[in-house]
Amino acid sequence: SSQPGRVTVRASRGRPNAVTRYAVLTTFEPSGLSLLALWPQTGRTHQLRVQCASRGLPIAGDERYGDFRANRFLASEIGLKHMFLHALRIELRHPRTGHVLKLQAPLLSRLSGPLEKLKDLIKPVPRRDARRGN
């Protein structure tokens, strides 16, 4: 069930799976974090967030599906106050002309600043204890 403004997402038998291609761009040691490129091939609600979290790799700063302990640490250590999810590029067909539109957006400072600070982070990011849920 959903609350106003909230959506509940769950896998269902008999439904096609959500499909995402990915690549690891950089791994930041000793923090234990990685920067990924994600290419959703299907369009499910919260697809990238749900798939990453279900594999134990939640998106940094995700307040719904994320690791809240890690998020608190990243906010205090590198100033990450937003979910680290950015649509760098999108391609789509114009509905009238049929031309392919290619749109690109630079990384905003609210993400690029913490990303730069992450390069110098010398502590491992604390993780939620999956057994206790905190």
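Look a little higher up for the structure.
Rules used throughout
Residues numbered from 1 in each chain as written. Predicted model: local features only at pLDDT ≥ 70, side-chain atom pairs only at ≥ 80, totals over all residues. Heavy atoms only, no water. Buried < 20%, exposed > 50% of the residue type's maximum accessible area, 1.4 Å probe, protein only. Helix = DSSP H or I, 4+ residues; strand = E, 2+ residues; numbered from the N terminus. Arc of directions from axis to C-beta. Contact = heavy atoms within 4.5 Å. Pairing = 2+ DSSP bridges. 1 Å grid on protein atoms, 1.4 Å probe; cavity = no way out; pocket = protein on both sides within 12 Å on 5 of 7 lines; lining within 4 Å. Points joined across faces, edges and corners; volume = space filled by probe spheres on them. Salt bridge = Lys/Arg side-chain N within 4 Å of Asp/Glu carboxyl O. Core = buried A, V, L, I, M, F, W, Y, C linked by side-chain atoms within 4.5 Å. Patch = residues over 30% accessible without salt bridge, like charges linked within 9 Å, V, L, I, M, F, W, Y side chains within 5 Å. Areas by Shrake-Rupley, 256 points an atom, 1.4 Å probe, with all protein chains shown as cover.

Caption draft 1: Highlighting helix α2 (residues 68–78). Taken as a whole, α2 has its buried residues at A70, N71, F73, L74 and I78. Seen along its axis, α2 keeps its buried residues to an arc of 165°; they face one direction. Turned more than 90 degrees away from the buried face of α2 sit R72 and S76, all of them exposed. Buried residues along α2 sit in contact with β2 (33–40) and α3 (109–118).

Caption draft 2: The arrangement of the pairing of strand β3 (residues 89–93) in detail. Bridging between β3 and strand β4 (residues 100–104) involves five bridges; their strand directions are antiparallel. Of the residues in β4, the one forming a bridge with I90 is L103. Between the end of β3 and the start of β4, which pair antiparallel, lie six residues, with G98 showing a positive phi angle near 80°.

Caption draft 3: A look at the layout of surface pockets. Its volume calculated, the largest pocket comes out at about 1,400 Å³. Along the wall of the largest pocket there are 44 residues; nearest its centre are L36, A37, L38, F84 and L85. Mapped by element, the contributors of at least two residues to the lining of the largest pocket are β1 (20–28), β2, α1 (47–54), α2, β3 and α3. Of all the elements, β2 adds the most residues to the lining of the largest pocket, at eight residues.

Caption draft 4: Seen up close, the pattern of salt bridges. Following the criterion strictly, the structure yields three salt bridges and no others. Measuring nitrogen to oxygen at the nearest pair gives 2.7 Å for the salt bridge that ties D62 to R49. Of this pair, D62 sits in the loop between α1 and α2 while R49 sits in helix α1, and the two are 13 residues apart along the sequence. The exposure class assigned to D62 is buried, which follows from its relative accessible area of 1%.

Caption draft 5: A look at the nonpolar core. Formed by F28, L33, A70, F73, L74, I78, L80, L111, L115, L118, L121 and V125, the largest nonpolar core amounts to twelve residues. Of all the elements in the fold, those that place two or more residues in this core are α2 and α3. For L33, the residues in contact, after removing those within four places along its chain, are T26, T27, F28, L74, L118, V125 and R127.

Caption draft 6: Inspection of a nonpolar patch on the surface at higher detail. Taken together, the side chains of Y22, V24 and L36 define a hydrophobic patch exposed on the protein surface, amounting to about 300 Å² of accessible area. Within the secondary structure, Y22 is located in strand β1. Overall, Y22 belongs to the exposed group, its relative accessible area being 59%.

Caption draft 7: Examining unusual backbone geometry more closely. Cis peptide bonds are those with omega within 30 degrees of zero, and the linkage from E29 to P30 qualifies with 5°. Although it is not a glycine, H46 sits at a positive phi angle of roughly 55°. Locating H46 in the fold gives a position in the loop between β2 and α1. Here H46 falls in the partly exposed class, since its relative accessible area comes to 24%.

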